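So you can see what is in the structure, the chains are spelled out below.
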2 protein chains.
Amino acid sequence: MQRTLIIDALNAEEAQPSIVLCGWIRTRRDAKDFSFVEINDGSCLANMQCIVDTDTAAHLGLAEATTGAAVRIVGELVASPGKGQKWEVRAQKVQVYGLADPETFPLQKKRHSDEFLRTIAHLRPRTNKYGAMFRIRSEAAFAVHDFFRSHHFSLVHTPVLTGADCEGAGEMFRVTTLEPGVKDLSEDFFSRQCNLTVSGQLEAEALATGLGRVYSFGPTFRAENSNTPRHAAEFWMIEPEMAFADLDDLMELGEGLTRHVVDHVLTRCEGDVELFDNFVDKGLRERLQHMLAAPFARVSYTEAVEILQKSGKSFTFPVSFGTDLQTEHERYLAEEHFKKPVIVYDYPKDIKAFYMKQNDDNRTVAAMDMLVPRIGELIGGSQREERLSRIEARIREMGQNPEDYWWYLDLRRFGTVPHAGFGLGFERLLMMLTGITNIRDVIPFPRTPGNLEF
Amino acid sequence: MQRTLIIDALNAEEAQPSIVLCGWIRTRRDAKDFSFVEINDGSCLANMQCIVDTDTAAHLGLAEATTGAAVRIVGELVASPGKGQKWEVRAQKVQVYGLADPETFPLQKKRHSDEFLRTIAHLRPRTNKYGAMFRIRSEAAFAVHDFFRSHHFSLVHTPVLTGADCEGAGEMFRVTTLEPGVKDLSEDFFSRQCNLTVSGQLEAEALATGLGRVYSFGPTFRAENSNTPRHAAEFWMIEPEMAFADLDDLMELGEGLTRHVVDHVLTRCEGDVELFDNFVDKGLRERLQHMLAAPFARVSYTEAVEILQKSGKSFTFPVSFGTDLQTEHERYLAEEHFKKPVIVYDYPKDIKAFYMKQNDDNRTVAAMDMLVPRIGELIGGSQREERLSRIEARIREMGQNPEDYWWYLDLRRFGTVPHAGFGLGFERLLMMLTGITNIRDVIPFPRTPGNLEF
């Protein structure tokens, strides 16, 4: 007989004389005449309550199965007289696939700290919180694909292995097939130094100038030795790139994407979001709904600096034109001043990357950051400099050789077009969607300095 | 005025007095009274034909723009009297974004060899063939996500950086932050050896035993120094893992996924598939349709060996029970014997990995490979050994220490369940979908020994 997922059984239209469910026992309560068993199969947050009458073959089958045990239950799906669920199952047959010794199984029915659960990252998907987390992660990823596809973007896979450190976006990991201690890179797999990508932007630009609209969605790496709740050595990034587009189009795209994902997750992951709203971050759902209620704010960097200067706040880092905005400034703007996401645009050119389009004022570039309450920067992007002479000059100003960028400059040499793109850290988005404050808890198996288990 | 994508303009319901198109000139033909300009913006294979009358402001704007130049055209969308297109544009205004010097622009209107185009991988997305290729790549990826989601699978991101070499699936790249020549791994980023993943299977199993059904879709690496048309150092793999599932469920899943992607691409990428059918692999479309026409064949390894032995073929590698099937055998089975995809199951345990479920016959394991005409192995997977004592014994047989697999064995120690999964190489799938025979031509920026440009 075909097995039914618990999510489907819970949404059944009518009672069913016979149904097969599989899952892990979350709780078991033994009464005189029957045992209550709640099982979960990962298809949704909710458990199915199963009643196993004492002195039946089913009860014999259940045997000593306790929290964490895996079972297969055949039974009747009937309306539940209890509160909180529409259906329950009266078990006719129970088969245990695998027990979980209560003496050694680490996930007993009680609240565990996030720190402890990180040490058993292979088991934490069996908890309510991390089950909900990773279902939201999946739905958010789908929403990203769905959004871009409906806007005629092609998904592109930019390379993880790269010979370039163009952007200077961060410290890079080196990749090699040489034994530790061997020095001669000409003997290495690629006969030269190979790094793990910090951004697929340059390659995405090449693809956008053929396919028109592209986005990459892949792993990205930073070898920064910083142990903070916001940094991981490996994380996933979404990087759209649009030909024939300017900064306005890009702001529109960033806001549209963010709104789409929030809306999708609120609609499709109702139960999972409720868990975070109840137990992790009170008011989460309302804050997410508030994001959708009105357009995001937009303000130039110059205006943003004025707002910060007039705020009367005493910031740790003083702010004036030309300084990079710190998290304290970003959060003040989004949380206190605008009380919603805000897009800051036209940053001073000296604090931004060489490939950003220079504005006519000669002091700013057509860059934009999207700042979100509690998160700070969610998106960073820019219109790209499409004028060959300008970008060559910037490369030389950095003390680098334009020839090292030959293929990137070819995009400006042949049929150059105005184009724009941004990067969105997927884990930041997930922290925004769940209220989780440590990046280690939105990634199944996080990588940080010294941590490579699993 | 809002720009219209060429795909939308070509599908317009009615003529439009004014429309804005952007794109790159594919061809230009100058007649006495007007110039014909075909432009492409990457949104689809087809170009839009634009007519620019001589002695107009539009013609002045067009100036010396030739193949490869980027333009913006404002004009009237009118029914085309010519063959092959429903609409054309009578240009009122032409603006050139960027020229492409005919003396130096490498993509003139002629056929270029794949070998040459690999040397300009940054420009080849501007050709018909590679534009079509990468649009199919994107749609196929979407079809994968779509299929799994509709079957209640969660997308999971398994780590790229790993401390394990569990599977022995291939040579691994090492990742480090030490300078070349430095030997002391305790000083390294993770204080131990770190490799690039060859498979996310083990981590996916951990996630499946909480979430129930998961799949990963991410980059995978092999440091094999082999220069063949079928091997790349970096490629993308799809790895589903299902709890409460056996080998039959897995074969069903593999066939269902393959059929869904083929059907999706045939339906959604009609024009792009036609290009490959016409110019790359005659009969491609018919072969793909044929795959959908009937269920795939299924045959045990033992029967497959008998078929091969009775075939009367003289194979380079003789075959008998216990030998691994070679590409020549796989292709004979799929192309000549069954004339369609065939799933071979129950392989001898000695040629398969330690984690595969041992069958009761004591000589085979519940493994399966899906073999496809012209490609050979597309999918390889198995039911996983869920019995703790059996899998520990196999690890010891390999001369390894079960303690090194502590967390993987925990999945069997606590609430173990029958489960199954496979790996599908995404590039193999794309080769099947397009008829392209070199893996370097289905990846935007391929990585092979010595090749790290772009």
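Here the residue numbers are simple positions, counted from 1 along each chain's written sequence. Each chain takes a letter, starting from A, and each ligand takes a number, starting from 1, following the order in which they are written. Per-residue local features of the predicted model are confined to residues with pLDDT of at least 70, and side-chain atom pairs are confined, for both listing and counting, to 80 or more; whole-chain, interface and lining totals are unaffected and use all residues. Calculated side-chain values reflect all of the structure's heavy atoms, with hydrogen atoms and water omitted.

Draft legend 1. Up close: the sheet that holds strand β7 (residues 161-162) of chain B. We treat two strands as partners when DSSP finds at least two bridges between them. By definition, any uninterrupted DSSP run of H or I lasting at least four residues is a helix, any uninterrupted run of E lasting at least two residues is a strand, and each is numbered from the N terminus. A sheet is described by the order of its strands in space; here 6 strands give the open sequence β7(A)-β9(A)-β8(A)-β8(B)-β9(B)-β7(B), paired in antiparallel fashion. Strands at the two margins of the open sheet, each flanked by one partner only, are β7 (161-162) of chain A together with β7 of chain B.

Draft legend 2. Spotlight on the interface of chain A and chain B. Every residue pair with non-hydrogen atoms within 4.5 Å of one another is taken to be in contact. Tallying the contact residues gives 113 residues for chain A and 112 residues for chain B. Buried surface area refers to the total accessible area, computed with a probe of radius 1.4 Å, that the two partners give up upon joining, counted for both partners together. Summing both sides of the interface, chain A and chain B together bury roughly 9100 Å²; the carbon and sulfur share of this comes to 66%. Think of a salt bridge as a Lys or Arg side-chain nitrogen and an Asp or Glu carboxyl oxygen that are within 4 Å of each other. In this structure, the connection of chain A to chain B is made through 2 salt bridges. Here R149(B) ties to E139(A) by a salt bridge, and the two come within 2.9 Å at their closest N and O atoms. We define a polar contact as two N or O atoms separated by no more than 3.5 Å, with the added condition that, inside protein, one atom must be a possible hydrogen donor and the other a possible acceptor, whereas residues neighbouring each other in sequence contribute only through side-chain atom pairs. Where chain A touches chain B, the interface holds 34 residue pairs in polar contact (both at pLDDT 80 or more). Considering every element that reaches the side of chain A that touches chain B, the biggest residue donor is helix α4 (residues 128-150) of chain A, with 11 residues. A class-by-class count of the residues in the side of chain A that touches chain B yields 57 nonpolar, 33 polar and 23 charged. Of the pairings in the sheet, the one linking strand β8 (residues 174-176) of chain A to strand β8 (residues 174-176) of chain B comprises 3 bridges and is antiparallel in character. The residue bridging T176(A) from the neighbouring strand is R174(B), located in β8(B). Three categories are distinguished: nonpolar for Ala, Val, Leu, Ile, Met, Phe, Trp, Tyr, Cys and Pro, charged for Asp, Glu, Lys and Arg, and polar for the others, with Gly belonging to the last.

Draft legend 3. Seen up close, helix α8 (residues 284-293) of chain B. All names here are of chain B. Turning to α8, its buried residues number three or more, namely L284, R285, L288 and M291. Looking down the long axis of α8, one finds its buried residues gathered within 115° of arc, a one-sided arrangement. Of the residues in α8, the exposed ones pointing more than 90 degrees away from the buried face are E286 and A293. Where the residues of α8 are buried, they touch α6 (247-268), α7 (270-279) and α13 (426-434). We call a residue buried when its accessible area falls under 20% of the maximum for its residue type, exposed when it is over 50%, and partly exposed in between, using a 1.4 Å probe and counting protein chains only. As used here, the arc is the angular range of directions from the helix axis to the C-beta atoms.

Draft legend 4. Geometry of unusual backbone geometry. Residues and elements named next belong to chain A. One non-glycine residue, K339, lies in positive phi territory at about 55°. Mapping K339 onto the fold places it in the loop between α10 (327-337) and β13 (342-348). Looking at K339, the relative accessible area reads 53%, which means it is exposed.

Draft legend 5. Representation of the pairing of strand β2 (residues 34-40) of chain B. All names here are of chain B. Buried residues dominate β2, accounting for 5 of its 7 residues. As defined by bridge partners, strand β1 (residues 16-30) adjoins β2 across 6 bridges and the pair is classed as antiparallel. The partner of D30 across the bridge, within β2, is S35. Remark: 3 residues form the turn of the hairpin made by β1 and β2, two consecutive strands paired antiparallel. Looking at chain direction, β2 and strand β3 (residues 48-53) are connected through 6 bridges and run antiparallel. Directly across from F34, in β3, lies its bridge partner D53.

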